[in-house]
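What follows is the residue order along each chain.
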Amino acid sequence: MNPEATEAVRRADTMETAVRDIFLPPEREKITSGGKPHVVAKNFSIYYGEFEAVKKVNADILSKYVTAIIGPSGCGKSTFLRSINRMNDLIPNCSTTGSLMFDGADVYGKFTDEVLLRKKIGMVFQKPNPFPKSIFDNIAYGPRLHGVKDRKTLDEIVEKSLRKAALWDEVSNRLDKNALGLSGGQQQRLCVARTLAVEPEILLLDEPTSALDPKATAKIEDLIQELRGSYTIMIVTHNMQQASRVSDFTMFFYEGVLVEHAPTAQLFTRPKDRMTEDYITGRFS
Amino acid sequence: MNLGTRKLLDRSFTALGIGSIVIMAMTLLIVLVPIVTNGLGALVFKGTIEHRKMLAAEFNRGDRAELERQTALADSSRKPVYAMMAAFEQELTGMDEPRRQQYQQQYAQVRSAIQTLLGPIPGDPLPALTRSQYGQTRWEKAEERLHEVLYEKKWDYSNPDAPAKEYSVSRAAGFEGTSLVKLFPYVEKNIDRMLMPEWTLYWGFITDSSVDAHIFGGIWPEIQGTLFLAIGAMLFAFPLGVVAAIYFTEYAREGFFTSVLRSANSTLAGVPSIVFGLFGLAFFINTLKVSESKSVLAGSLTLAIMILPTIIRAAEEAILSVPKTYKEASLSLGSTKWNTIVTVILPAALPGIITGGVISLGRAAGETAPIIFTAAVSVGSAIGLADVFSSPTPALSWNIYNLASEHEAASEIRHVQYGMVLSLVTIVLLLNLSAIVLRARISQKLKG
Ligand SMILES: Nc1ncnc2c1ncn2[C@@H]1O[C@H](COP(=O)(O)OP(=O)(O)O)[C@@H](O)[C@H]1O
Ligand SMILES: [Mg+2]
């Protein structure tokens, strides 16, 4: 293991101690299988051309826990999130410095296969974006891509994924209908199911509820609670209640700088930084 | 701006808009109505017994027994005409020299007019050209010919300042005092019985080959040639265009090379079609030697080059209009770029791509200039599918021009020309219509 990763593990170990001993509130169970550093950023910066949108971030994202990313609009939340599965590759002038490790491997390494990486790090976007295909084909898209052809296996995967996304009961009788006919909330859960169908290790959610009504939002939040412990989840949100409801850890970004990264219960009750305090008490924005 | 002026401006703009739409519709009507009515004249017309004889002899079509019955009837009413002519010829030999000379020339005109009207005169050897083996096949032409039998055309030069005037003189008057004078009223009165006009629906106009350079028969070789050329062009241009569009939208890095390619593409779209025709001759036939001389292959390739820029543009636009979110979703599921293009982007862009393709197909079908030097011949029979690599073909667009300007009997066969125009317009219209339907269907499927 390279020295940076070792260092990250060391820091993560202390973080886990913190979680176990102090900051995990009683209603949030400790996850025994998790807590290892899954994504580790070290002096990690992201540029759009000359502009440094994310500045020298150092952070460990712990496996199987939910990490929320908050901060005012334009502070680099999406940029950071999209850098983890290299979706920023789509933007022509986007570049990075520093290192970002996933499972001990360099995400931006020369020999990294970004296609394989994205298979392991799934993403759900702000606006639901199902393909203009049937519900079934949407879910089966990923598995088919990765070589599953057998209809029975596909059926099983589709059902399992839809159940995990708490959508099965609503759509089981119309799997062959076009996914664009679903409601916004259902579409978003479909997108989650579609991502789960490729069995990722990490789930990245970029403001997944900002286009949804409160009821649909509650469903997605419930879903995140369901998935907690099975997947490492990172969720960008501009809604601080949501962050405090669903996450175990919170990262607060301000103008590209990771100002504070701490267990959620701590960050919202006893923030270490003045800026964090001002933001969560609503003095910003 | 106050409310009054704003309303006035609104109103006048609305009026302007409606006005221009009305003018467009009128223009369309003015163009289309004669095309349709004249073109239909090639399919639906009053055909004479000569038409039915021709169909039976050349295309082996029609009810033989009925035709024989009608021929017998027609022949019996023609008999007196020929009898009168024979009698007059007899009478001529008995005349003294100056009178004979006076009548002989006039009689030759009458005889030839009768032959044009009714077909070869019994006893004469069978003419070599098919067009002379039958009388008038269309009733409206027969009526014109009848006039030539009855009247002599003369020119009035009396006023030296004005252009000469045409006037008709009754031929009957010229034969006053001979036995032939009875012929004219007889022919005029019995023309119906001699030619037996009937309303005819001639589907063969679309499915038959032409006989004797479009004097008789249909235009199937032209229709088939047009379809071959257009579809052939599509086979080359469509895949190539879509691939190029994918390259431009998904792979090309913005830079000097790409911008040169892009402007080359735009320039190509504006090049006059005759230039493509000459290029096709020079490049595909003379340089590459894809065929010995003109061929469907060479024509298709030339048309393909011509429509390529349009296809690329349409496909590019269609691909760019696919929501970026589809691409993101696909990539985030661990799909490769190529897989994303094939499974997500192209299906979503399909309606636009197809529309561009079909519009280009219509354009390829209608263009004349690119095929003049590379593929088109004026008269020919339908070629087999195997011959497309080596044989030229007649085609609608080129033959419309040819019939209008170069055919020796152009004015006799206007109906064929209009029939071709109507067929071409119909083909292009049908193609565009199918594009609209196809597009709507796919969009519907995508929307769910
Ligand atoms: N494609 C891009 N090109 C250039 N600048 C960008 C691009 N996307 C985002 N930015 C800039 O980067 C900063 C961070 O953006 P973003 O990550 O979207 O913020 P957030 O998600 O926190 O609202 C903003 O200042 C934004 O203007
Ligand atoms: Mg954002």
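Residues numbered from 1 in each chain as written. Chains lettered and ligands numbered in written order. Predicted model: local features only at pLDDT ≥ 70, side-chain atom pairs only at ≥ 80, totals over all residues. Heavy atoms only, no water.

### Here we look at the overall build of chain A
What counts, and what does not: Helix and strand assignments come from DSSP, with helices taken as H or I runs of at least 4 residues and strands as E runs of at least 2, each series counted from the N terminus. Here the globule rule reads 2.2 Å times residues to the power 0.38, and the radius of gyration is calculated from C-alpha atoms. The classification of residues rests on relative accessible area computed with a 1.4 Å probe and restricted to protein chains. Under 20% of the type maximum is buried, over 50% is exposed, and intermediate values are partly exposed. Any pair of residues with heavy atoms lying within 4.5 Å of one another is described as a contacting pair. In short, Shrake-Rupley with a 1.4 Å probe defines the accessible areas, and a residue's cover is counted only from the protein chains shown.
When helices and strands are tallied, chain A shows eleven helices and ten strands. On C-alpha atoms alone, chain A measures out to a radius of gyration of 19 Å, which is about the 19 Å that the 2.2 N^0.38 rule sets for 285 residues. The buried share of chain A, reckoned over its 285 residues, is 56%. Here the analysis covers contacts within chain A between residues at least 6 apart in sequence; of these, 69% occur between residues at least 24 apart. Per element, the accessible surface of chain A, about 12500 Å² overall, is 50% carbon and sulfur.

### Observations regarding the site of ligand 1
Residue and element names in this part refer to chain A. For clarity, the cut-off: Here a residue is considered near a molecule or strand provided that any single heavy atom belonging to it is located within 4 Å of it. We call two N or O atoms a polar contact when they sit within 3.5 Å, provided that within protein one can donate a hydrogen and the other can accept it, with sequence-adjacent residues counted only if both atoms are side-chain atoms. Charged residues are taken to be Asp, Glu, Lys and Arg, nonpolar residues to be Ala, Val, Leu, Ile, Met, Phe, Trp, Tyr, Cys and Pro, and polar residues to be all remaining types, Gly included.
Lining the immediate surroundings of ligand 1 are Tyr48, Phe51, Ala53, Ser73, Gly74, Cys75, Gly76, Lys77, Ser78, Thr79 and Ile91. The backbone of Cys75 places a nitrogen or oxygen atom 3.3 Å from an oxygen atom of ligand 1. Alone, ligand 1 offers 560 Å² of accessible surface; in the complex the protein occludes 62% of this. Broken down by element, the shell around ligand 1 gets its largest block of residues, three residues, from helix α2 (residues 77-84). Taken together, the residues of the shell around ligand 1 break down into five nonpolar, five polar and one charged.

### Quick look at the packing of aromatic side chains
Two aromatic rings are characterised by how far apart their centres lie and by the angle between their planes. Note the cut-off: When two rings of Phe, Tyr or Trp (its six-membered ring) have centres within 6.5 Å they constitute a pair, described as stacked for plane angles under 30 degrees, edge-to-face for angles over 60, and tilted for the intermediate range. In our convention, an over-ring charge means Lys NZ or Arg CZ found within 6 Å of a ring centre and within 35 degrees of that ring's normal.
Scanning the model with the defined rule gives 16 aromatic pairs over all chains in all. Ring centres of Phe131(A) and Tyr141(A) lie 4.6 Å apart, and the angle between their planes is 50°; on these two criteria the pair is classed as tilted. Here Phe131(A) is found in the loop between β6 (121-124) and α4 (135-145), whereas its partner Tyr141(A) is found in helix α4, with ten residues between them in sequence. For the pair Phe131(A) and Tyr141(A), one class covers both residues: buried. Consider the rings of Phe88(B) and Phe175(B), whose centres lie 5.5 Å apart with planes at 85°: the pair is edge-to-face. Here Phe88(B), found in helix α3 (residues 64-93), pairs with Phe175(B), found in the loop between α6 (171-174) and α7 (183-195); they are 87 residues apart in sequence, far enough to count as distant. Owing to a relative accessible area of 0%, Phe175(B) belongs among the buried residues under this scheme. Geometry around Phe136(A) places Arg151(A) over its ring, the cationic atom sitting 4.1 Å from the centre. The cationic tip of Arg194(A) hangs over the ring face of Phe131(A); the distance from NZ or CZ to the ring centre is 4.6 Å.

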